[in-house]
Amino acid sequence: GLDLPGDQGALIDELAARNPDTVAVLQTIGDVNVGGFEPNVPAIVWSSYNGQRQRLALADVLTGRYNPSGHLPFTWYANDSELPSLYDYRIRPGQGTGGRTYMYFRGPVSYPFGWGLSYSSFSASNLRFNRTHLTPNQTLDAMVDVKNNGPYYGEDLVQLYVTKSGAGNPVKRLEGFQQVALAPGETKTVKIPIN
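Residues numbered from 1 in each chain as written. Predicted model: local features only at pLDDT ≥ 70, side-chain atom pairs only at ≥ 80, totals over all residues. Heavy atoms only, no water.

## Let's talk about the environment of I44
Argument step 1. Tracing the chain through its elements places I44 in strand β2 (residues 43-47).
Argument step 2. Assessed through its relative accessible area of 26%, I44 is described here as partly exposed.
Argument step 3. Placed 67 residues apart in sequence, I44 and Y111 show a C-alpha to C-alpha distance of 12 Å.
Argument step 4. Those residues in contact with I44 that lie beyond four places of it in its chain are A24, L26, V34, F37, E38 and Y111. (Helix = DSSP H or I, 4+ residues; strand = E, 2+ residues; numbered from the N terminus. Buried < 20%, exposed > 50% of the residue type's maximum accessible area, 1.4 Å probe, protein only. Contact = heavy atoms within 4.5 Å.)

Given below as structure tokens:
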């Protein structure tokens, strides 16, 4: 299952009850069930298994020396009972399976694919395209203005998803992304090409 081993979830709850500033730090290979302790902690920091600098990198994030900008590379499912068997490799829904991955899964999630926060807040506005009609070999440029509304320098990951109607098509598909670095109050235009 997705539960933390042993009494680790209960330990996080106990620590959070004694210190309301407790940050849950998870280093896992995949998603875990955070539902039991998530309401009791002000923040959760997740990373996969890192290299030699992991302890220093974590200290930099927790002390505010580095403004985190990572985003989840997978969907955190709310409950593993919603998923097909581990031996079922189909990602598309059908024949008793609800599908999997951010592209096809329609069930509840703890955190969606691409989720990520930082010490800054960002907003996007003025979405526009360089053309409205395309031939099959042309590229469409999507442009959006991104602003750092927070008091700290930070990086935002602009993600562009597309949806195509019709049976068997994904709910959404990541078509492109662009990391943008912004000073407090700064706005930049991000351009993402779509083939």
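## Topic: the side chain of D31
Argument step 1. As for its position among the elements, D31 is in the loop between β1 (23-27) and β2.
Argument step 2. We note that D31 is buried and unpaired, the nearest opposite charge coming from R100 at a distance of 9.5 Å.
Argument step 3. A distance of 2.9 Å separates a polar atom in the side chain of D31 from the backbone nitrogen of Y77.
Argument step 4. Discounting residues that sit within four places of it in the chain, D31 has contacts with L2, F74, T75, W76 and Y77. (Lys, Arg positive; Asp, Glu negative; His and termini not counted. Salt bridge = Lys/Arg side-chain N within 4 Å of Asp/Glu carboxyl O. Polar contact = N/O pair within 3.5 Å; in protein donor to acceptor, adjacent residues only side chain to side chain.)

## A look at the sheet that holds strand β9 (residues 187-194)
Argument step 1. An order of β5-β6-β9 is seen for the three strands of this open sheet, with the pairing classed as antiparallel. Among the strands making up the open sheet, the edge pair consists of β5 (122-129) and β9. For this sheet the average axis-to-axis angle between neighbouring strands, irrespective of direction, equals 25°.
Argument step 2. Judged from the six bridges that link them, β5 and strand β6 (residues 140-148) form a sheet pairing that is antiparallel. Following the sheet pairing, F122 is matched in β6 by N148. (Pairing = 2+ DSSP bridges. Axes fitted to C-alpha atoms, helices over the stretch in contact; angles between N-to-C directions.)

## Some points on unusual backbone geometry
Argument step 1. Although it is not a glycine, T101 adopts a positive phi angle of roughly 70°.
Argument step 2. Its identity as a non-glycine residue notwithstanding, N126 has a phi of 60°, on the positive side.
Argument step 3. Structurally, N126 can be placed in strand β5.

## Quick word on the side chain of S120
Argument step 1. In this structure, S120 sits in the loop between β4 (109-111) and β5.
Argument step 2. In this structure the side chain of S120 is engaged in a polar contact, spanning 2.6 Å, whose partner is the backbone oxygen of Y152.
Argument step 3. Leaving out residues up to four positions away in the same chain, S120 has contacts with N67, N148, G150, Y152, Y153 and G154.

## A closer look at a nonpolar patch on the surface
Argument step 1. Among the surface-exposed residues, V23, V25, L58 and L62 lie close enough to one another that they form a single nonpolar patch of about 270 Å² accessible area.
Argument step 2. When contributions to the nonpolar patch are tallied by element, the ones reaching two or more residues are β1 and α2 (54-62).
Argument step 3. Mapped onto the elements of the fold, V23 is located in strand β1.
Argument step 4. Its relative accessible area of 33% is what places V23 among the partly exposed residues. (Patch = residues over 30% accessible without salt bridge, like charges linked within 9 Å, V, L, I, M, F, W, Y side chains within 5 Å. Areas by Shrake-Rupley, 256 points an atom, 1.4 Å probe, with all protein chains shown as cover.)

## Overview of the nonpolar core
Grouped burial of nonpolar side chains is what soluble globular proteins tend to show.
Argument step 1. By size, the foremost hydrophobic cluster in this structure holds 13 residues, and its most contacted members are L26, V34, F37 and W76.
Argument step 2. Only α1 (8-18) and β1 provide two or more residues apiece to this core.
Argument step 3. Counting eleven residues, the second-largest nonpolar core is a separate cluster that includes L140, V146, V158 and L160. (Core = buried A, V, L, I, M, F, W, Y, C linked by side-chain atoms within 4.5 Å.)

## Remarks on the packing of aromatic side chains
Argument step 1. Within the structure shown, the criterion is met by eight aromatic pairs.
Argument step 2. Taking 6.5 Å as the distance between ring centres and 90° as the angle between the ring planes, the aromatic pair formed by W46 and W76 counts as edge-to-face. You can see W46 sitting in strand β2 and its partner W76 sitting in strand β3 (residues 76-77), a full 30 residues away along the chain.
Argument step 3. By relative accessible area, which is 22% here, W46 ends up partly exposed.
Argument step 4. Owing to a relative accessible area of 2%, W76 belongs among the buried residues under this scheme. (Phe/Tyr/Trp six-rings, centres within 6.5 Å; stacked < 30°, edge-to-face > 60°.)

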